[in-house]
Amino acid sequence: YEVTGKALLLSVGYDRHRTVSAIVTPIMEGFQEEIGWPSDVAIFDNDAMLLVETSRKSGPMMLNRHPGYRAPILATSLGQVYLAFSRLEEREAVLAQEADKPDPWNQIAREPNKATKFFDEIRKRGYATMHPDYSRIEYRHSMTSLGVPIMTDSKVFASINVLYLKKALTPEQAVQTMLKPLQATAKMIAKESDRRTEK
């Protein structure tokens, strides 16, 4: 007998998972009430972004993602934006491990020059978007997302996204209407994390 990958959902990062979840839950509820779309908060966990909280479980959009879900790093706005704002050494190590995986979103990990430009652009604009192939595979092209970093002391420790229907908003409309509220929510989470750390 051997432990399968899915068994990791029961324990990996569980303490951090609960700690961050306690901070973000009320803030995310307020954010969803403001914009009407669901969102997730995730932390980096070795080879994936571990969802610590999601507002998908409430409201009309049930998208079958729960805390503990392990999202692909380069496929999701959560992972892309985390890597963009992480230390160069950490990013390079992640790209090296992802380069061996055949998924289409990992192609950029095999192209260092393109990867450098890609992450530079994310940092410049302040957000990442879901990879189109992940949207196709997971949501039949119906959904995409914006993701921003959650940072304290200029260091990224988590990321938050907002998901929306492509038929409801263009990418430009999504950025115009949701980016600032999303960034403000990320700052609220970071501030609350700092406050609890200082206690």
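Look up a bit, the structure's there.
Residues numbered from 1 in each chain as written. Predicted model: local features only at pLDDT ≥ 70, side-chain atom pairs only at ≥ 80, totals over all residues. Heavy atoms only, no water.

1. Quick word on the overall build of the protein
Phase 1 of the analysis: Scanning the protein for helices and strands turns up six helices and six strands.
Phase 2 of the analysis: A fraction of 58% describes how many contacts in the protein between residues 6 or more apart in sequence connect residues 24 or more apart.
Phase 3 of the analysis: Surface exposure of the protein reaches about 10800 Å², of which carbon and sulfur atoms provide 53%. (Helix = DSSP H or I, 4+ residues; strand = E, 2+ residues; numbered from the N terminus. Contact = heavy atoms within 4.5 Å. Areas by Shrake-Rupley, 256 points an atom, 1.4 Å probe, with all protein chains shown as cover.)

2. Focus on the packing of aromatic side chains
Phase 1 of the analysis: Under the definition given, this model contains four aromatic pairs.
Phase 2 of the analysis: Here the aromatic rings of W105 and Y134 are separated by 5.5 Å at their centres, their planes lie at 85°, and the arrangement is edge-to-face. With W105 in the loop between helix 3 (88-98) and helix 4 (112-125) and Y134 in helix 5 (residues 132-139), the pair connects residues that are 29 residues apart, well separated along the chain.
Phase 3 of the analysis: Residue class for W105 comes out buried when judged on its relative accessible area of 9%. (Phe/Tyr/Trp six-rings, centres within 6.5 Å; stacked < 30°, edge-to-face > 60°. Buried < 20%, exposed > 50% of the residue type's maximum accessible area, 1.4 Å probe, protein only.)

3. Here's the deal with the nonpolar core
Phase 1 of the analysis: If you look at the biggest cluster of nonpolar residues, it comprises 29 residues, and the most contacted ones within it are M49, L74, L83 and F119.
Phase 2 of the analysis: Those elements that place two or more of their residues in this core are strand 1 (40-44), strand 2 (49-54), helix 2 (77-85), helix 3, helix 4, helix 5 and strand 6 (155-165).
Phase 3 of the analysis: Counting residues per element, this core draws most heavily on helix 2, at five residues.
Phase 4 of the analysis: If near-sequence neighbours (up to four positions away) are discounted, M49 is found in contact with A42, I43, F44, Y69, R70, A71, I73, L78, G79, Y82 and S159.
Phase 5 of the analysis: I35, I43, A186 and I189 belong to the second largest nonpolar core, which has 27 residues in total. (Core = buried A, V, L, I, M, F, W, Y, C linked by side-chain atoms within 4.5 Å.)

4. Topic: the layout of surface pockets
Phase 1 of the analysis: For the largest pocket, the calculated volume is near 200 Å³.
Phase 2 of the analysis: Forming the walls of the largest pocket are 14 residues, and the residues nearest its centre are E92, L95, P112, A115 and T116.
Phase 3 of the analysis: Among the secondary structure elements, those contributing two or more residues to the lining of the largest pocket are helix 3 and helix 4.
Phase 4 of the analysis: Partitioned by chemical class, the residues of the lining of the largest pocket number nine nonpolar, one polar and four charged. (1 Å grid on protein atoms, 1.4 Å probe; cavity = no way out; pocket = protein on both sides within 12 Å on 5 of 7 lines; lining within 4 Å. Points joined across faces, edges and corners; volume = space filled by probe spheres on them. Nonpolar A, V, L, I, M, F, W, Y, C, P; charged D, E, K, R; others polar.)

5. Brief notes about the sheet that holds strand 3 (residues 70-71)
Phase 1 of the analysis: Spatial ordering of the open sheet is given by 3-2-1-6-5-4, a layout of six strands whose pairing is antiparallel. In the strand order of this sheet, the two ends are held by strand 3 and strand 4 (128-129), each with one partner.
Phase 2 of the analysis: Here strand 4 pairs with strand 5 (residues 143-152) via two bridges, running antiparallel. The residue of strand 5 that forms the bridge with T129 is L146. (Pairing = 2+ DSSP bridges.)

6. What about the packing of helix 2 against helix 4?
Phase 1 of the analysis: Their axes nearest at 9 Å, the elements helix 2 and helix 4 cross at an angle of 90°. Classed by the angle they form, the pair helix 2 and helix 4 counts as roughly perpendicular. In this structure, helix 2 uses Q80, V81, L83, A84 and F85 to contact helix 4, whose residues at the interface are F118, F119, I122 and R123.
Phase 2 of the analysis: Broken down by class, the residue content of the contact of helix 2 with helix 4 amounts to seven nonpolar, one polar and one charged. (Axes fitted to C-alpha atoms, helices over the stretch in contact; angles between N-to-C directions. Parallel < 35°, antiparallel > 145°, perpendicular 65-115°, else oblique.)

7. Considering the pairing of strand 1
Every regular strand shows the same layout, with side chains that alternate between the two sheet faces.
Phase 1 of the analysis: Among the five residues of strand 1, five are classified as buried, and the element is accordingly described as predominantly covered.
Phase 2 of the analysis: Of the two faces of strand 1, the one carrying D40, A42 and F44 and the one carrying V41 and I43 are both buried.
Phase 3 of the analysis: As paired elements, strand 1 and strand 2 share five bridges and run antiparallel to each other. Bridged to I43 within strand 2 is L50.
Phase 4 of the analysis: If you look at the hairpin formed by strand 1 and strand 2, you'll find four residues sitting between the two strands, and N46 has a positive phi there, around 65°.
Phase 5 of the analysis: With two bridges connecting them, strand 1 and strand 6 associate as antiparallel partners.

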